[in-house]
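# Architecture and fold: a report
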Amino acid sequence: MLRSSEFDHFASVGSMVAVVMRTYERPIMLARAIASVQNQTFRDWTLIIVNNGGNPGPVEDVVRVAKSATPCGDIQVLHLSERVGMEEASNRGLAATESDFFAIHDDDDSWNARFLEVAVDGMRAHPSAAAVVTGIYRIHELYRDGKIRPVHSEKFYLSEERLTFRGMIGNNTFPPIAALFQRRLLSEIGEFDSSLPVLGDWEFNLRAVLAGGFVYIPERLANYHTRTPDSETASGNSITVGIDLHHQIRGQLQKRWLEEPNIDGVNKGALSIATFAADNPNTVRRVWRKILAGVKNPLRGARAVWRIIRHIVSRLR
Amino acid sequence: MSRSAPQVLEMHSSATVLTIDFFDTLVSRSVAQPTHVFAVMEEELCRRFGHRWTGFALQRVVAEQIARRKAAITDTNRDVTFDEICSELCELMDLSRDDHHLIADLEKKTEVSLAVAVKFGCDIVSLAREKSMPVLIVSDNYMSAQHIVNMAHAVGLSWVTASDVIVSSEHGAMKHNGTLWDVVLRHLDVSPSLILHVGDDAKADGDVPASRGIATHVNDRMRRSHRHMMNTTPAVLPFSRLEAEYRDSVSSGEWDAAEMFGALVGMIVAGQIVDVRNVLAQREIAGIHFVARDGFLAHSVWSNLRASGVQLPEASYFSFSRSVVWRAGIHVVDELTMARFIGDDEEMTVPRLERRLGCSLDSTIDRTVTISAVTARQILVANSKNILVASATLRERMLSYLQAQGLLEPGHHVVVDLGWTGSSIADLAHIVSEATNGQSVIEGRLTGLYWDAWSQRARVSLHGFAMDDFHTIDDNRRLLGILNLLEVMVTAPHGSVVGYSDSENGVAPIYVDTQVEKEAFEQLVARVSAIGARVATAIVTDSPDSPVKSSDITGETVWAAMMQVGHTPRPEEIAVSGLLRHISAIDHEGAGTALLGDAPTRPKKVNDTFVHDVFNTLMHGHWLQGTLRHWNQKPESAEVVSDIEKRFPFTQPQWVGQ
């Protein structure tokens, strides 16, 4: 059990939790996301909605409706006149708030009502941790004609191991909706990297995990919503709509890390590339299949090997 | 018809020794089923030690199952021991040795604290002792004889000592397989024909001892409150206590299914009232409005509470329905806006179409001819002028009615409804906002919401008290499966509103009373409503007679009550539901659909399409779980249930921890 003195450093002027919600022209999803925050059994939060260059009118309309909920909670809106990157939007939202902890709640995701209560309890129990991450449901949903329908849900694979530095270095292992971070990280390791159009959360997580470790709470309290391919494109997730961009940025980051000095004799970039290959058995299996095919058909095999070499070189470039 | 204790002893007058089962025959617990004892423990553990004990109750059941399986491997005759169960639990929950002692001690204490005497069992023991018959307690249980003595003493059976108890865990034998009966016969050393055994298990207390020549009497009345053993969590306890109270009050009488439906309705209504009180504690309110037919009962209870002196503000009940709010909100008539008025698979005549839209329609089609949905929509589009005029008139009357109810007063209004998507309330909010230039703001407080509410949240603020769209997809589906049951049970004595007309006192709703709904109300629903009102009143006033207090009413506990009845109904509840039909047509016409669907003929080769079609029919037209449990009672339809449960695992009876 924690003694009362161990809670002292959590006291602050602002809310205990700042929830940053980036949004762009998705009022129905935004309304759902706000309600997901308002439903929290833990009440000491401030929600900052960062309207990332979108039309202010629909956002204001949604917020006006949301403010008629009981309890309403502290909801603030930051309209950006021009669209900036996702991570820059997060940084602007964080800069506009004060808190002990923060969460990045994307406008298309949702929480179980107990998410903040459990995550804050987790933080209190592990004051030196950088973040608490809960279990996740992935909800595949269809968005069409202003209506959202879940198609199916699945248990998102996550484990304590996947929340360590080595567990995360190969891949982004969890979406932001599942995490509650210590605010102190921003001064210790810096903000989100605003130069990254995607995977900024992964890059941040890899810095954060070295500043205290992540605590895993297996209870599935976060809902990661992704739209099915037949949904309207404007509703899509960065991961489902921009998968090529994710590959490209992962390559860029790995290249950046290759140039960084080794830590304890290990290069972050090399470790990331090796771990990514090991974490993606399908990729390895695909390579093996191509090698086997090459044994049967040397010309086809040579072409496949050449393509793989070209791919690896392009990622290292 | 159950026999009384004197009748049973008289029937077996040659018996000189009475043996009696303990749990649910002589002593029971003040919860509906044995596994709910663990929910009481979980509540206590979480209160004392926090979240790490969440899920304890279910894990405790699982641990016992594992321990029993392991015990059966080494010796099929012996019962599992309490220590073995606790050890398995420690393994499952990663508990320490100290925790082991803690839970073992707590379980014993909890059992004793919850012990209640069973009238029939105590009567027969008392009579036997008056006749100087030796009485021996024979129990299949993992606890010790001393624990049984402690529980007996807790309910006033002070004569019981450890030598009066033979319990399976201390003899390496069980009643179920007969070995404990051999121990009993050796212990008593009398002819089996001189023994009368009384218990609640048809096999262990009936067939098995009877095969050894022992006279038996089985009374399983205390088991009538049992539902699915795995559904145990602290949230289930308030409803469990209501069930246990009723079980004890009718221990020798017939089980009335209306009582448990009434208890459920009572918890829902109490939830609606508690939720409004929560809002009142947090903000200034311009008006409280219980709406639609499912708000009638809550409004009655609210009004009666005020009349009896409870400090509550005035609240209105106003009638509106999906159809009138849709019709009153028509601004454009085209294929898209008219689609919601006619289901794709509907067929109807032009006169019915006129009643549905509330205006006359010009058409060359014979008025007696049935037309398709496509043709019907084309007729509507061709009659856009008539429809818009009718809509404007209806809107004007509706607004007059709403004004009389106070809904157009500037400020924050709380509108209380049962559920389920919030679309009608969003439409209502839009009409009201337009009419008041945004001065009157509506907040929807609903008992249950499912995922269709996601799209409404941009239009109106919605709160789901017992269940909302952020619960798991499976819980969303479970709610969908019970909508028809709840709409039939939580309703008003009048029919649905189809319009508003001028009356002496201003504008009044026009109701359509269907024969089907009238009959349902007379046969069952009126009684359920009366019981529901009584239960809700007792809860929200914290009556000392009520086993549930207002502080017990939370979203989780109301949801648990909805699941206990709606998802794991008892046979008596299914039987009475066979009488009921649900009217779902937008114009409230027709005979509706039966709550319990007819079982389909199962093809020899079952494919996915068959299972999907059956499932969709049940989800959209019937009470899903009531129908599945009904089908499960017959071998020919039980296979279809199995097909559905395999394809849609959420339909399986376990709803806790899934």
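Please read all numbers here as calculations on a predicted model, not as lab measurements. (Residues numbered from 1 in each chain as written. Chains lettered and ligands numbered in written order. Predicted model: local features only at pLDDT ≥ 70, side-chain atom pairs only at ≥ 80, totals over all residues. Heavy atoms only, no water.)

## Points about the overall build of chain A
Our working definition: Think of it this way: any DSSP run of H or I at least four residues long counts as a helix, any run of E at least two long counts as a strand, and we number them from the N terminus. Exposure categories follow from relative accessible area, calculated using a 1.4 Å probe and restricted to protein chains: below 20% of the type maximum is buried, above 50% is exposed, and the middle band is partly exposed.
Along chain A, the regular secondary structure elements total 12 helices and nine strands. When burial is assessed residue by residue, chain A has 51% of its 317 residues classed as buried.

## Considering the nonpolar core
So the rule is basically this: Nine residue types can take part in a nonpolar core, namely buried Ala, Val, Leu, Ile, Met, Phe, Trp, Tyr and Cys, and a core is a set of them joined through side-chain atoms within 4.5 Å. By the convention used here, residues are in contact when the closest approach between their heavy atoms is within 4.5 Å.
Counting 128 residues, the largest nonpolar core has F56, F239, L479, M489, I553, M562 and I644 of chain B as its most contacted members. Sort the elements by how many residues they give to this core and helix α11 (residues 257-280) of chain B lands first, with 14 residues. F56 of chain B has contacts with F38, M41, E42, L45, L89, M93 and I103 of chain B, leaving out every residue within four places of it along the chain. Core analysis: the next-biggest nonpolar cluster, separate from the first, contains 78 residues, I49, V59, A179 and Y216 of chain A among them.

## Some remarks on the interface of chain A and chain B
Inclusion rule: Two parts placed together each lose some accessible area under a 1.4 Å probe, and the buried area is that loss summed for both. Each reported salt bridge corresponds to a side-chain nitrogen of Lys or Arg within 4 Å of a carboxyl oxygen of Asp or Glu. Within 3.5 Å is the distance limit for a polar contact, defined as a pair of N or O atoms, with the added protein rule that one can donate a hydrogen and the other accept it, and that residues adjacent in sequence qualify only through two side-chain atoms.
Tallying the contact residues gives 31 residues for chain A and 24 residues for chain B. Here chain A packs against chain B, burying approximately 2300 Å² in sum over the two surfaces, 56% of which is carbon and sulfur. In this structure, the connection of chain A to chain B is made through one salt bridge. The partner of D452 of chain B in a salt bridge is R149 of chain A, with the nearest N and O atoms 2.7 Å apart. For the pair chain A and chain B, the number of links is 13 residue pairs in polar contact (both at pLDDT 80 or more). Elements that contribute at least two residues to the side of chain A that touches chain B include exactly α1 (27-38), α2 (56-66), β5 (110-111), α4 (115-125), β6 (131-144), β7 (147-155) and β9 (214-227) of chain A.

## Brief notes about the UniProt feature "domain: Glycosyltransferase 2-like" (unreviewed entry) in chain A
Threshold: UniProt positions are given in the numbering used here, feature names are shortened, and annotations may be inferred rather than shown by experiment.
The sites that UniProt annotates as "domain: Glycosyltransferase 2-like" (unreviewed entry) are residues 19-189 of chain A. Taken as a whole, residues 19-189 of chain A contains 32% helix and 32% strand, while its terminal C-alpha atoms sit 19 Å from one another.

## Regarding the packing of α11 of chain B against helix α12 (residues 296-307) of chain B
All names here are of chain B. Stated formally: For helices, the fitted line uses only the C-alpha atoms of the stretch in contact; every axis is such a line through C-alpha atoms, and the angle between N-to-C directions lies from 0 to 180 degrees. In this scheme, a crossing is called left-handed if the near helix is turned counterclockwise away from the far one by less than a right angle; it is called right-handed if the turn is clockwise. In this classification, the charged set is Asp, Glu, Lys and Arg, the nonpolar set is Ala, Val, Leu, Ile, Met, Phe, Trp, Tyr, Cys and Pro, and all remaining amino acids, among them Gly, are polar.
Running from N to C, α11 and α12 cross one another at 65°; their axes reach a closest spacing of 9 Å. Helix-helix and strand crossings are classified by hand; for α11 and α12 the assignment is right-handed. In contact with V265, V269, Q272, I273, V276 and L280 of α11, α12 contributes L297, A298, V301, W302 and L305. Its residues assigned to classes, the contact of α11 with α12 shows 10 nonpolar, one polar and no charged.

## Structural notes on the side chain of D108 of chain A
All names here are of chain A. Here D108 lies in the loop between β4 (99-104) and β5. What makes D108 buried here is its relative accessible area of 5%. There is a polar contact of 2.4 Å between the side chain of D108 and the side chain of R227.

## Looking at the sheet that holds strand β5 (residues 165-167) of chain B
All names here are of chain B. Let me state the cut-off plainly: If DSSP finds at least two bridges between two strands, the strands pair.
If you trace the five strands from one edge of the open sheet to the other, you get β5-β4-β1-β6-β7, paired in parallel fashion. Of all the strands in the sheet, just β5 and β7 (215-218) have a single pairing partner and so form its edges. Neighbour to neighbour, the strand axes of the sheet diverge by 20° on average, direction disregarded. In the packing of helix α7 (residues 145-154) onto the sheet, the strands contacted are β4 (135-139) and β5, and the crossing angle to β5 comes to about 130°. Contacts from helix α8 (residues 179-188) reach β1 (17-20), β4, β5 and β6 (195-199), with the element oriented near 160° to β4.

## Concerning the packing of aromatic side chains
In plain terms, the rule: Here a Phe, Tyr or Trp ring, Trp counted by its six-membered ring, pairs with any other such ring whose centre lies within 6.5 Å, and the pair is stacked when the planes are under 30 degrees apart, edge-to-face when over 60, and tilted otherwise. To sit over a ring, a charge needs its Lys NZ or Arg CZ within 6 Å of the ring centre and within 35 degrees of the ring normal.
Scanning the model with the defined rule gives 22 aromatic pairs over all chains in all. Aromatic pair Y450 of chain B and W451 of chain B: ring centres 5.8 Å apart, planes at 80°, arrangement edge-to-face. Here the two residues Y450 of chain B and W451 of chain B agree in accessibility, since each one is buried. Taken together, F102, F174, F181, F192, F204 and F214 of chain A form an aromatic cluster joined through their ring pairs. Its end group placed over the ring of Y24 of chain A, R83 of chain A keeps NZ or CZ at 3.7 Å from the ring centre.

## Here's the deal with the sheet that holds strand β8 (residues 287-291) of chain B
Residue and element names in this part refer to chain B. In space, the five strands of this open sheet follow the order β9-β8-β12-β13-β14, with parallel pairing throughout. A single partner strand is all that each edge strand has here, and the edge strands are β9 (316-318) and β14 (461-467). Pairs of neighbouring strands in the sheet enclose a mean axial angle of 25°, with direction left out of account. Bridge analysis of β8 against β9 gives three bridges, and the strand direction is parallel. Of the residues in β9, the one forming a bridge with H289 is S316. Packing against the sheet, α12 makes contact with β8 and β9, and its axis sits at approximately 135° to β8.

## Here's the deal with the pattern of salt bridges
In this structure the tally under the stated criterion is 58 salt bridges over all chains. Several salt bridges share partner residues, and in doing so they unite R26, R32, D107, D108, E141 and R227 of chain A into one network.

## Some remarks on the confidence of the model for chain A
Heads up, the condition is: Predictor confidence is given residue by residue as pLDDT, running from a minimum of 0 to a maximum of 100.
Per-residue pLDDT for chain A averages 87, and the proportion of residues at 70 or more is 83%. The low-confidence segment residues 1-13 of chain A, where pLDDT is below 50, has 17 contacts with residues more than four positions distant or belonging to other chains.

## Brief notes about the domain arrangement of chain A
Residues and elements named next belong to chain A. Selection criterion: What counts as a domain boundary in this text is fixed by an automatic or database domain assignment.
The assigned domain composition of chain A is domain 1 (4-241) and domain 2 (255-316). Listed as interface residues are 12 residues of domain 1 and, on the opposing side, 10 residues of domain 2. Between domain 1 and domain 2, a total of about 950 Å² is buried, with carbon and sulfur atoms accounting for 59% of that surface. On the domain 1 side of the interface with domain 2, the three residues burying the most area are R166, I169 and N171, jointly 44% of the side's total. On the surface where domain 1 and domain 2 come into contact, there are two salt bridges. For R256, the salt bridge goes to D193, with nearest N and O atoms at 2.8 Å. Linking domain 1 with domain 2 are two residue pairs in polar contact (both at pLDDT 80 or more). Within the residue set of the side of domain 1 that touches domain 2, elements represented by two or more residues are α5 (165-169) and α7 (200-208). For the side of domain 1 that touches domain 2, the leading source of residues is α5, giving four residues. Classifying every residue of the side of domain 1 that touches domain 2 by side-chain character gives five nonpolar, four polar and three charged.

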